[in-house]
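What the coordinates show
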Amino acid sequence: MEPIITKHVREPNSFTLDFYLRHGGYESLKKALASHTPDQIIEMVKASGLRGRGGAGFPTGMKWQFVDKKSDKPRYIACNADESEPGTFKDHVIMERNPHLLIEGCAIACYAIGARIAYIYIRGEFFHVQHVLEQAIADARTRGFLGTNVFGSGFDCEVYVHRGAGAYEAGEETALLESLEGKRAQPRNKPPFPAVVGLYGCPTAVNNVETLANVPLIVQHGPEWFAAIGPEKNGGPKLYSISGHVKRPGVYEASMDVTLKELIYGEQYCQGMRDGRTLKAVIPGGSSVPILLPEHLDAQASFDGVLKAGSMLGSAGAIVLDDTTCMVWLAENLLHFYRHESCGKCTPCREGTDWLHKILRRIEHGEGQMRDLDLLASIGAQIGGKTLCAFGDAAVTPVLTTLKHFRHEYEAHIRDGRCSQVADWRARQPIGAH
Amino acid sequence: MSFHPKMAYDATFHKSSRTLADPGPAFVFTPENRARLDAIVLRYPADRKRSAVLPALYLAQSQQGYITGNAMVHIAGILEITPADVEDVVTYYTMFYTKPVGRFVLSVCRTLSCAVNGAERVVEEICAKLDIAPGQTDATGTFTLIEAECLGACDRAPVIMVNDAWQELQRPEDVGALLDALRAHGEAALTGCHHVVEKK
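Remember, it's a predicted structure, so these values are computed and weren't measured experimentally. (Residues numbered from 1 in each chain as written. Chains lettered and ligands numbered in written order. Predicted model: local features only at pLDDT ≥ 70, side-chain atom pairs only at ≥ 80, totals over all residues. Heavy atoms only, no water.)

1. Observations regarding the overall build of chain B
Check the secondary structure of chain B and you find 7 helices and 4 strands. Along chain B, helices (α) and strands (β) appear in the sequence α-α-α-α-β-α-α-β-β-β-α when read from the amino end. The principal-axis extents of the C-alpha atoms in chain B amount to approximately 65 × 55 × 30 Å. Considering only intrachain contacts with a sequence separation of at least 6, the fraction spanning at least 24 residues in chain B is 63%. Working note: accessible area of chain B is about 9,500 Å², and carbon and sulfur atoms make up 56% of it. Across chain B, the 19 positively charged side chains and the 24 negatively charged ones have centroids separated by 2 Å. (Helix = DSSP H or I, 4+ residues; strand = E, 2+ residues; numbered from the N terminus. Contact = heavy atoms within 4.5 Å. Areas by Shrake-Rupley, 256 points an atom, 1.4 Å probe, with all protein chains shown as cover. Lys, Arg positive; Asp, Glu negative; His and termini not counted. Charge placed at Lys NZ, Arg CZ, Asp CG, Glu CD.)

2. Points about the domain arrangement of chain B
In terms of domains, chain B is made up of domain 1 (8–99) and domain 2 (104–199). Here the C-alpha centroids of domain 1 of chain B and domain 2 of chain B sit 28 Å apart. (Domains from an automatic or database assignment.)

3. Some points on the side chain of E125(A)
Along the chain, E125(A) turns up in the loop between strand 2 (117–122) and helix 7 (127–142). A residue is classified by how much of its surface remains accessible, and E125(A), at 7% relative accessible area, is buried. Among the polar contacts made by the side chain of E125(A), one reaches the side chain of R123(A) at a distance of 3.0 Å. Filtering out sequence-adjacent residues up to four positions away, E125(A) remains in contact with G166(A), M95(B), L151(B), M161(B) and W166(B). (Buried < 20%, exposed > 50% of the residue type's maximum accessible area, 1.4 Å probe, protein only. Polar contact = N/O pair within 3.5 Å; in protein donor to acceptor, adjacent residues only side chain to side chain.)

4. Describing unusual backbone geometry
Backbone torsion omega between P191(A) and P192(A) reads 5°, so that peptide bond is classified as cis. Residue position: P192(A) is located in the loop between helix 8 (173–180) and strand 5 (204–208). With an omega of -10°, the peptide bond between A157(B) and P158(B) qualifies as cis. Note that P158(B) resides in the loop between strand 2 (143–148) and strand 3 (160–162). Phi at N13(A) is positive, roughly 60°, even though this residue is not glycine. Tracing the backbone through its elements, the reader meets N13(A) in the segment before helix 1 (17–22). A relative accessible area of 37% places N13(A) in the partly exposed class. The backbone of A316(A) sits at a positive phi, close to 60°, despite the residue not being glycine. By the secondary structure assignment, A316(A) is in the loop between helix 12 (303–308) and strand 9 (317–322).

5. Some words on the nonpolar core
Counting 164 residues, the largest nonpolar core has W64(A), L102(A), L376(A) and Y93(B) as its most contacted members. Ranked by the residues each element gives to this core, the list is headed by helix 6 (residues 99–113) of chain A, at 11 residues. Those residues within four positions of Y93(B) in sequence are excluded, and the remaining contacts are Y121(A), A165(A), G166(A), A167(A), S179(A), K183(A), R184(A), A185(A) and L54(B). In terms of nonpolar packing, the next biggest core, distinct from the first, is built from 26 residues, L279(A), A299(A), A309(A) and V320(A) among them. (Core = buried A, V, L, I, M, F, W, Y, C linked by side-chain atoms within 4.5 Å.)

See below:
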């Protein structure tokens, strides 16, 4: 598949408004306002089968349809640009190199659900991207693509960038709304869902950057064109972020009939493993999803394909690991992340991630006992499904799946009293004040 | 509540680990920063000024280097919330500092994709070169080292965020060169984000 979203991103000045207009920019917004009602836009997005690109893969059109239109409160679009899932860096490319596509998507989304304001919640670490995005918004506003009475249609729309400040949990949709309201990024109980009670208690649609970037394409080319790209129910172009021990890590655009094997070994993608190493495991959808083994690589890298292989496509951020990677170390590394990022609202997650990390650290340093393995599984079972948001399930996944597939490595650590697989890229001495 | 005879109910009994925010020097926004904040507040509904707390804290941090108790009180006054509301936010998010930091804050990503590309070694080298541990500032007050969680640049691992800018593909053996270059040229020494093709 020829790249669509990222077609021009390597060209100089691809982020400018003039460049975007030369390639048909804002024609979709014009078309949407001139010849479609908001409900027709929602129907188009539904017909296209566009599924949310943030991780859950929920149909976007349905999400928009759930937005409470009977409410007399204002409605909002909240664009999730937090991109905090480890191994994910796809939205960054869109925002930095093709920001007007996102802005146009925000405007069309506002029109569809009857909102006047879209907030783009961008993670604090993307400060350089924020400048590009804010300049793009200012330029679009100057030319009348945002602001009042867009294209003389009577439609008013503003897009604002809101900078986060370093919190993984802000990527969870209700935590994102809390953060936008000026509070700690902690999740809310659901239901009510944001579509009914969202930002400031008003109906809100929270959509990922890549999701909204697909919307102008659907309006421009039609839902049939979009659905025809890739397998059934997994339509449209998809961005894959691939990192780890591959020769050419990066963001690749493909239709979802591509397989994990093609993405990792394909000539136009990552070109295989570095230094002639062999592949040991892949985490296909950001760090929160179950690990896949080499025998699963023929799986289609679609929402349904990866699910069938026993994992989830998630944010499509694949972390590829070679045979130098110790799986106990990997679990410890990721649990360090989850322990640090747990927002602290639900006790099982706040306390449990700390316990899991302590036990993993003990095992990794050769001080574990065999009964620790059952303890890990037991704590994992006490966290999973017992928290307000999916963080708890995400946090136990690295532990439970490494235990499942690589139990022998855990046992070897305990038996030998040390990690026998310290790769040359790891610290010589245990570091950190933790 | 029962009282055990062997329990020491002396001055050491009540030990709270809570540390009060350093009040610091008197704080008001410069007129420029105040004007910036006033413009940002307008992006949110009139009765939802609190939404501007993160931008307000960024402005305070850029003005003073770190967030003090007085800054929190000042921001609370502007946004019509309590200082406790502001402190609640400051202490939650990792990008706000409640103590002075060095001229360059080196946030080295330590999460999986960076770690498998040598981030632990990068941290090790920085610690050795500056004689500090993660979380500390070196003796000259130039560098603060922080072990950060995933920065979202996994294809250019290991990555370091230096203040608000990026350094990509940082090899452990080049850490000395990076520190020297930062001392000599400031943030201009950084590789920045590789997506920017225009500067090449």
